[in-house]
Each structure stands twice: as structure tokens, then as C-alpha cells.
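Secondary and tertiary structure notes
Chain by chain, the residues:
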Amino acid sequence: MTTFHFELVSPEKLLFSGEVESVVVPGVEGQFTVLKDHAPVMSILKAGIVEIFATVTRAPERLVVRGGFADVAPSGLTLLADQATPLEQFDMAQLAQDIRDAEDDLADAKTDEALKSASEKLGQLQELKAVVGA
Amino acid sequence: MASLKDLRTRIASVKATQKITKAMQMVAAAKLRRAQTAVEAARPYAERMERVLANLAAGFEPGAGPALLAGNGRSETHLLVVATAERGLCGGFNTSIVRLAREKALALQAEGKTVKILCIGKKGYDQLRRQFEKQIVDLIDLRAVRQIAFEHADPIGQKVIKMFEQGEFDVATLFYSKFRSVIQQVPTAQRLIPAEIHGGAGGAASYEFEPDQDEILSALLPRNISVQIFRAILENAASEQGARMSAMDNATRNAGEMIRKQTTIYNRTRQAMITKELIEIISGAEAL
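Just so it is clear, the model here is predicted, and its values are computed rather than measured.

Below, the discussion takes up the packing of helix α1 (residues 4-57) of chain B against helix α6 (residues 213-287) of chain B. Packed helix pairs are characterised by how far apart their axes lie and by the angle those axes make with each other. Residues and elements named next belong to chain B. Between α1 and α6, the least distance of the axes is 5 Å, while the angle of their chain directions is 160 degrees. The angle between the axes of α1 and α6 places the two elements in the roughly antiparallel class. In the crossing of α1 with α6, the sense of the turn from one axis to the other is left-handed. Among the residues forming the contact of α1 with α6, the class breakdown is 36 nonpolar, 14 polar and 13 charged.

In this section: the packing of aromatic side chains. This model, assessed by the stated rule, comprises three aromatic pairs over all chains. Each ring, one from F6 of chain A and one from F16 of chain A, has its centre 5.5 Å from the other, and the planes form 45 degrees; the classification is tilted. Linking F6 of chain A in strand β1 (residues 4-9) with F16 of chain A in strand β2 (residues 14-20), this pair joins segments that are 10 residues apart in sequence. Residue classification places F16 of chain A among the buried positions, given a relative accessible area of 15%. Here F164 of chain B and F169 of chain B contribute two aromatic rings whose centre-to-centre distance is 5.6 Å and whose plane-to-plane angle is 45 degrees, an arrangement assigned as tilted. We classify F169 of chain B as buried; its relative accessible area is 0%.

Residue and element names in this part refer to chain B. For strand β2 (residues 114-120), the buried fraction is high: five of the seven residues fall into the buried class. Judged from the seven bridges that link them, strand β1 (residues 77-83) and β2 form a sheet pairing that is parallel. Residue pairing for β2: L79 is matched across the bridge by K116. Considered for its hand, the β-α-β crossover made up of β1, helix α3 (residues 93-110) and β2 is right-handed. Alignment of β2 against strand β3 (residues 136-140), held across four bridges, turns out to be parallel. Note on β3: the bridge partner recorded for I117 is I136. A crossover links β2 with its parallel partner β3, the connecting element being helix α4 (residues 122-132), and its sense is right-handed.

Let's shift gears to the domain arrangement of chain A. Residue and element names in this part refer to chain A. In terms of domain boundaries, chain A breaks down into domain 1 (4-87) and domain 2 (91-132). For domain 1 and domain 2, the distance between their C-alpha centres works out to 24 Å. With both sides pooled, the region where domain 1 packs onto domain 2 buries about 630 Å², and carbon together with sulfur makes up 62% of that total. The largest contributions to the domain 1 side of the interface with domain 2 come from A47, I49 and R66, which together make up 61% of the buried area.

Turning our eyes to something else, we now look at the domain arrangement of chain B. Residues and elements named next belong to chain B. Each assigned domain of chain B is listed here: domain 1 (4-21 + 253-281) and domain 2 (22-198 + 210-247). On a C-alpha basis, the centres of domain 1 and domain 2 stand 49 Å from each other. At the junction of the two partners, domain 1 supplies four residues and domain 2 supplies four residues. In this assembly, domain 1 packs against domain 2 so that about 270 Å² is buried in total across both faces, 44% of it on carbon and sulfur atoms. The largest contributions to the domain 1 side of the interface with domain 2 come from K19, I20 and T21, which together make up 91% of the buried area. Applying the counting criterion to the domain 1 and domain 2 interface returns zero salt bridges. Counting every contact that joins domain 1 to domain 2 gives nine residue pairs in polar contact (both at pLDDT 80 or more). For the side of domain 1 that touches domain 2, the per-class residue count stands at one nonpolar, two polar and one charged.

What follows covers the nonpolar core. If you look at the biggest cluster of nonpolar residues, it comprises 58 residues, and the most contacted ones within it are L79, I120, V160, F169, I193 and I229 of chain B. Other than its neighbours up to four places away in sequence, F169 of chain B contacts N72, T77, H78, L79, V160, M163, F164 and I193 of chain B. Membership of the second largest hydrophobic core comes to 21 residues, among which are F32, L63, V65 and L79 of chain A.

Counting residues at the interface gives 25 residues for chain A and 26 residues for chain B. With both sides pooled, the region where chain A packs onto chain B buries about 2200 Å², and carbon together with sulfur makes up 65% of that total. For chain A, the biggest contributors to the area lost against chain B are P11, M42 and F69 of chain A; these three give 30% of the whole. For E7 of chain A, the salt bridge identified is with R48 of chain B, shortest N-O distance 2.3 Å. In this assembly, chain A and chain B are joined by four residue pairs in polar contact (both at pLDDT 80 or more). Put simply, the parts of the chain that give the side of chain A that touches chain B at least two residues each are β1, β5 (41-45), β8 (68-73) and β9 (76-81) of chain A. Its residues assigned to classes, the side of chain A that touches chain B shows 16 nonpolar, three polar and six charged.

Parameters and conventions
Within every chain, residues take consecutive numbers counted from 1 along the sequence as written. All chains are assigned letters beginning at A, and all ligands numbers beginning at 1, according to the order in which they are written. Selection of residues for local features in this predicted model requires a pLDDT of at least 70, selection of side-chain atom pairs for listing and counting requires 80 or more, and totals for whole chains, interfaces and linings are taken over all residues. In computing side-chain properties, one takes all heavy atoms of the structure into account and sets aside hydrogens as well as water. Only the stretch in contact is used when a helix axis is fitted, and all axes are lines through C-alpha atoms; the angle between N-to-C directions ranges over 0 to 180 degrees. For helices the rule is a DSSP run of H or I covering at least 4 residues; for strands it is a run of E covering at least 2, with both sets numbered from the N terminus onward. What sets the label is the angle itself: under 35 degrees gives roughly parallel, over 145 gives roughly antiparallel, 65 to 115 gives roughly perpendicular, and the rest give oblique. By the definition used in this description, the sense in which the near helix is turned from the far one sets the handedness, with an anticlockwise turn below a right angle giving left-handed and a clockwise turn giving right-handed. Residues are grouped as follows: Ala, Val, Leu, Ile, Met, Phe, Trp, Tyr, Cys and Pro are nonpolar; Asp, Glu, Lys and Arg are charged; all remaining types, including Gly, are polar. Aromatic pairs are defined between Phe, Tyr and Trp rings, using the six-membered ring for Trp, whenever the two ring centres lie within 6.5 Å; interplanar angles under 30 degrees are classed as stacked, those over 60 as edge-to-face, and all others as tilted. Three exposure classes are used, based on accessible area relative to the maximum for each residue type with a 1.4 Å probe and protein chains only: buried under 20%, partly exposed in between, and exposed over 50%. DSSP calls a pair of strands paired once it identifies at least 2 bridges connecting them. Crossovers are described as right-handed under a simple rule: with the strands pointing away from the observer, the path leading from the first strand over the helix to the second runs clockwise. Marked domain ranges trace back to an automatic or database domain assignment. The term buried area denotes the loss of accessible surface (1.4 Å probe radius) that occurs when two parts are joined, taken as the sum for both partners. Should any heavy atoms of two residues lie within 4.5 Å, those residues are counted as being in contact. A pair is scored as a salt bridge if a Lys or Arg side-chain nitrogen falls within 4 Å of a carboxyl oxygen belonging to Asp or Glu. The term polar contact refers here to a pair of N or O atoms within 3.5 Å; inside protein, the definition further demands a hydrogen-donor-capable atom paired with an acceptor-capable atom, and it admits residues adjacent in sequence only when both atoms are side-chain atoms. Put simply, a nonpolar core is a bunch of buried Ala, Val, Leu, Ile, Met, Phe, Trp, Tyr and Cys residues held in one set by side-chain atoms that sit within 4.5 Å of each other.

Structure, rendered in C-alpha cells:
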């Protein structure tokens, strides 16, 4: 199988850069796998797990991302993650704390707009918990 | 002529100052290393972001597209976001950023435009306040922040966007100092709104969008502003430490020079005194 160039960056650092065979991306409208010569797509990411297969046969490198953008261009795939952590370093306690905070926000929300954004955030976090916990 | 005691006190005080500047230089050197790593780590994200934006912008006619990308078609009110340090004693670092911002503000005022200033960092605020008291809309204080993270820059970006959406300004420009090397920091002005797009994308690929183009742009553009501000603050942090390091290096060297000179004067005075006393004793003895 042929490889393509993949980069995963968060605002604070470059987490991955190199040739890979396939990457599974948690798009906001569903997960999708990117292989070489994928059609150009621009997608918003939702919170979830990115799986990087350097070669398809080997176990993937898994990272937790919390939103961001995916840019599939002819030159390769670039993920601009809002936050990214390798799965083994991911802090479940922190996530639980964030979920509690989000629940508090939801309870405190006064305007419709605040209510909407808080419930969206909570939904994302809970989804993330389900995915990571599995 | 100063007495010996005065000279001694003077030398002691310069020595104490030299110790402080030396310590500050070493602290700055250590902090610089950390700040430099942070800047370098943040660069890839900002660069990729620019490329993605350029790809997207290529799909629009010049002047068309969302307001954050293309502007709102006016340029009456300008917002100058001036990012400086929270502390002084770093050579011309703060002054050079402020000077650039001030020139721009004066030029705009001369054209009859309205200027508003948003200060990030206390030092710039202190310097600009004298001249632009009325124009300054806010001061963002990052003194309590040790290591700047994206969470600190994001609220600033959102604040700028909110002001833009409420029609408080038409064009935003960000002033900061780009970190080239320890001895070279370049004060830079960068346009935030409308977004500054570097280099057209080579043959804009016909993208598919998930969910759709508008939604992606409306998420990406605000994010880009926060990222640019974040990068500016990081560049500033590294520049500040670099500037402080060289300023303190100079100060230490000057103090050394001063100590050397003062010591020569001190020794000379001491010798003159001894000679004088000897002459007095000898002439006294001869008189007998």
C-alpha cells in the first residue's frame, strides 16, 4: 500500500508528522478513513479518537482530539486539533471534571444561546467519554 | 573631590547593581530557552492554519466572502491591538512596538479615521496612555500568567471578534515583536481583520465540505484570529527575554567598566592622600 503525508498539530505543538498509510478521522458528520489520493475534503472534527496507521498491518497510534479541522489536500492530510493527547496519556479524571463543569454550566445557563452551547459542549464531552472509555 | 569613603560606597553600590543585572541576564537566558521552544512548537499550527485559510480564500472572489475574511467594506474605525511585555528593563523592546503602533495611529488620525487601541500588556498601556488616553478601549493583563497557553489567547480573540460584530471597528491590526534571534527582534504590524492571506494557494483544489463551507469558515476564521494573537504573544515572550538578555548583558558590562574606572580614581586618591601626609610629616620634621 502506498503512503501519504500526514500532520497532526495543536496550537501548542506538532504532534505527528510523517508518511502514513491510513488515518481514521472523527469528522463531525461521521468518522472517515483517509487513504492516499483521497478527494479534497475540509471537515470540522468532533471530539474523538484519531487512529494513525503507519502501516495497515501494525497496531495504530491513537490520539484523543477535542475538535478542530481536517484538511485533506492533494499534498496530504493536515489535522488542526484544538487539543490533542495520546490516548495512553489521556486523563479520564480531567474529562470527568470537565463533564461536571459542563453540567454546572448547563444548569447555570440563562440565555437560550448559553443553554445551546453548554448542552452542545456537554454532549461532545459525553460522546468523547463513551468513545475513550470503550 | 569625593572623599575615599564616598568612593568606596559608590563602588560597592555599582558592584551590587552589577550582581543584579548579571542575575537578571541569566534568568532571561533560561526563560528565553523555554519561550523559544514554545514559539517553535506553535509555528507549525499557525502555518498550517494559514495554508488552509489560503486554500479556502482562493475559492472566493477578492472582496467577497464572510466579513472576517473580506472585511465589512469600510475602513473608518481602526482597532490597534498592541501586544507588549508586562515588565520593563528589556532595552528598547516595549518602546519599539509602541513606536510602530503610535506612528500608525497618528497616520490614521491624520487621514481622519477613528482609532481605537486595545493593549495586551501593561508596559505598552503605560506608554500609550500619555498620548492616546481616550482611544484606549481596554487593557488585558497577563501578568499572572507564567507560561502562556492557547486558553489565554482565545478569550482575547473572542473579545476582538465580538467588538467587530458589534460594529465597533472596521479593521483590526495586531502589533507585536517577531523573534528573529537573541539580538534581533522585529516590531511587526499584522492585519487581523480582514484576514491577511499570504500567497495564493496553488490551484485551489475543489474541496468538498463537511458540513458546509459557511459553517467551516465561521468556525475557522475566529479560530484563526485567536491563533494569530496566540502566536503574537508567544513571539513577544521570546523577543522580550531576548531583548532583556542583551540589555542586561550591556548593563553588566557597563557596570564592570564603571567599577574599573572608579577603582582607578579611588586608588589614585588614596595614593595622593598618603603622599600628602608624608610631605606633611617630612616638612614638619624639617622645621624642627
